[in-house]
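Coordinate analysis (summary)
Chain by chain, the residues run as shown.
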Amino acid sequence: MPGKHQHFQEPEVGCCGKYFLFGFNIVFWVLGALFLAIGLWAWGEKGVLSNISALTDLGGLDPVWLFVVVGGIMSLLGFAGCIGALRENTFLLKFFSVFLGLIFFLELATGILAFVFKDWIRDQLNFFINNNVKAYRDDIDLQNLIDFAQEYWSCCGARGPNDWNLNIYFNCTDLNPSRERCGVPFSCCVRDPAEDVLNTQCGYDVRLKLIFGICLAQNLVSDIKAVKANWIKHDDGYKLLR
């Protein structure tokens, strides 16, 4: 109608969802940056940043990799979600959602493949653990990770204590001059709750004692078989041959 103006209200982005996503991602971003900073600081302390080839010198896993990779991914996602929500940038928000979806489907696919190929996964896991057992004394971070894992899961090696024969400090060969020969790390020991001080030498000579016990038991079995071999069966029972 003439003389009347029509007003159209433009759609607005919901403030609750926008600022909730912004707040969540800024925490995610800060945590990722902290993880990344810790990883780079640890590499700097170990001289890796000044000698990149040191990354390939370690035979096992360098746990600092976990901080760097996880921190980098968290920082990237946090940045995209935070800035995308604050500036209402559809490209960054799409990147954020697609990346999260990709991570979810990768985790789902990994779980399915691990179930289908569980025997192969178990063999690869044992191989991976044994490689890290070999490098136990090569890196303090790896050493702490293995000790934590063995204490947390109450295990010793991949299959048992004899896996530590793979380590040059713990193997039972006669040429091994180490005091830890035929032993295991202290994280293999069951800790006494009454102990106030951690006994880091509790694993010394443990496998040597086991080997001695096995040999003693086998000798006893041989003696028992030898005695039984001197008996012959008669109708009225057993008689010892003279």
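These numbers were taken from a predicted model, which means no experiment stands behind them.

1. Comments concerning the UniProt feature "transmembrane region" (unreviewed entry) in the protein chain
UniProt marks residues 20-44, 64-86 and 98-117 with the feature "transmembrane region" (unreviewed entry), using the numbering shown here. Secondary structure over residues 20-44 splits into 100% helix and 0% strand, and the C-alpha atoms at its two ends are 36 Å apart. As a span, residues 64-86 carries 100% helix and 0% strand, and end to end its C-alpha atoms are 32 Å apart.

2. Considering helix α1 (residues 15-45)
Taking 1.5 Å of rise per residue, the 31 residues of α1 would be expected to cover 45 Å, and the 44 Å separating its terminal C-alpha atoms lies within 8% of that figure. All buried positions along α1 are accounted for by Lys 18, Asn 25, Gly 32, Gly 39, Ala 42 and Trp 43.

3. A look at the pattern of salt bridges
If you walk through the whole model with that rule in mind, you get 4 salt bridges. One salt bridge connects Arg 122 with Asp 119, and the closest N-O pair in it is separated by 2.9 Å. One end of the pair is Arg 122 and the other is Asp 119, both in helix α5 (residues 118-134) and 3 residues apart, which spans about a single turn. You can call Arg 122 partly exposed: its relative accessible area is 44%. Where Asp 174 meets Arg 181, a salt bridge forms, and the shortest distance between an N and an O atom there is 3.3 Å.

4. Some points on the packing of helix α3 (residues 64-87) against helix α4 (residues 90-116)
It is at 7 Å that the axes of α3 and α4 come closest, and there the two elements cross at 140°. Here α3 and α4 pass one another in a crossing that is left-handed. Every residue of α4 that contacts α3 at Ile 73, Leu 76, Leu 77, Ala 80, Gly 81, Ile 83, Gly 84 and Ala 85 is listed here: Leu 92, Leu 93, Phe 95, Phe 96, Phe 99, Leu 100 and Ile 103. Classifying every residue of the contact of α3 with α4 gives 13 nonpolar, 2 polar and no charged.

5. Digging into the state of the cysteines
A covalent bond between the sulfur atoms of two cysteines is referred to as a disulfide. Following the criterion strictly, the structure yields 3 disulfides and no others. At a sulfur-sulfur separation of 1.9 Å, the disulfide partner of Cys 172 is Cys 182. Linking Cys 172 in the loop between α6 (140-153) and α7 (206-229) with Cys 182 in the loop between α6 and α7, this pair joins segments that are 10 residues apart in sequence. Taking the relative accessible area as the measure of exposure, Cys 182 reaches 1% and is therefore buried. Note on Cys 155: no disulfide assigned, nearest cysteine sulfur contributed by Cys 188 at a separation of 7.4 Å. A residue is classified by how much of its surface remains accessible, and Cys 155, at 31% relative accessible area, is partly exposed.

6. Things to note about unusual backbone geometry
A positive phi angle, near 55°, is found at Glu 88, a position not held by glycine. With relative accessibility at 41%, the residue Glu 88 sits in the partly exposed group.

7. Considerations on α3
End to end, α3 covers 34 Å across 24 residues, agreeing with the expected 34 Å (1.5 Å per residue, within 8%). Those residues of α3 hidden inside the fold are in contact with α1, α4 and α6. Directly beyond the C-terminal end of α3, a positive phi value near 55° is found at Glu 88.

8. Some words on the packing of aromatic side chains
The tally for this structure, following the rule as stated, stands at 11 aromatic pairs. Residues Phe 95 and Phe 99 carry aromatic rings whose centres are separated by 5.5 Å and whose planes lie at 65° to one another, so their mutual orientation is edge-to-face. Highlighted residues: Phe 95 and Phe 99, both in helix α4, separated by 4 residues, approximately one helical turn. With relative accessibility at 30%, the residue Phe 95 sits in the partly exposed group. Among the residues examined, Phe 99 registers a relative accessible area of 23% and is labelled partly exposed. Taken together, Tyr 136, Trp 164 and Phe 170 form an aromatic cluster joined through their ring pairs.

Here is what the cut-offs are and how they apply
- Per chain, the residues get numbers from 1 upward, laid out in the order the sequence is written.
- Totals for whole chains, interfaces and linings use every residue, but because this is a predicted model, local features are given only for residues with pLDDT of at least 70 and side-chain atom pairs only at 80 or more, for both listing and counting.
- Values shown for side chains rest on all heavy atoms present in the structure; no hydrogens or waters enter the calculation.
- UniProt positions are given in the numbering used here, feature names are shortened, and annotations may be inferred rather than shown by experiment.
- Helix and strand labels come from DSSP, where a helix needs a run of H or I of at least four residues and a strand needs a run of E of at least two; each type is numbered from the N terminus.
- Multiplying 1.5 Å by the residue count of a helix minus one yields the expected span of that helix.
- When a residue's accessible area, from a 1.4 Å probe over protein chains only, is under 20% of the maximum for its type it is buried; when over 50% it is exposed; and in between it is partly exposed.
- By definition here, a salt bridge exists when the distance from a side-chain nitrogen of Lys or Arg to a carboxyl oxygen of Asp or Glu is within 4 Å.
- Axis definition: a line fit to C-alpha positions, over the contact stretch in the case of helices; interaxial angles, taken between N-to-C directions, run 0 to 180 degrees.
- Take the far helix as the reference: if the near one is turned anticlockwise from it by less than a right angle, the crossing is left-handed, and if turned clockwise, right-handed.
- Throughout, a residue-residue contact means that at least one pair of heavy atoms, one from each residue, lies within 4.5 Å.
- Under the convention adopted here, Pro, Cys and the residues Ala, Val, Leu, Ile, Met, Phe, Trp and Tyr are nonpolar, Asp, Glu, Lys and Arg are charged, and Gly plus all remaining residues are polar.
- Sulfur atoms of two cysteines make up a disulfide when they are within 2.5 Å.
- Here the aromatic set is Phe, Tyr and Trp, taking the six-membered ring for Trp, and pairing holds for ring centres within 6.5 Å; pairs whose planes are under 30 degrees apart are stacked, those over 60 apart are edge-to-face, and all others are tilted.

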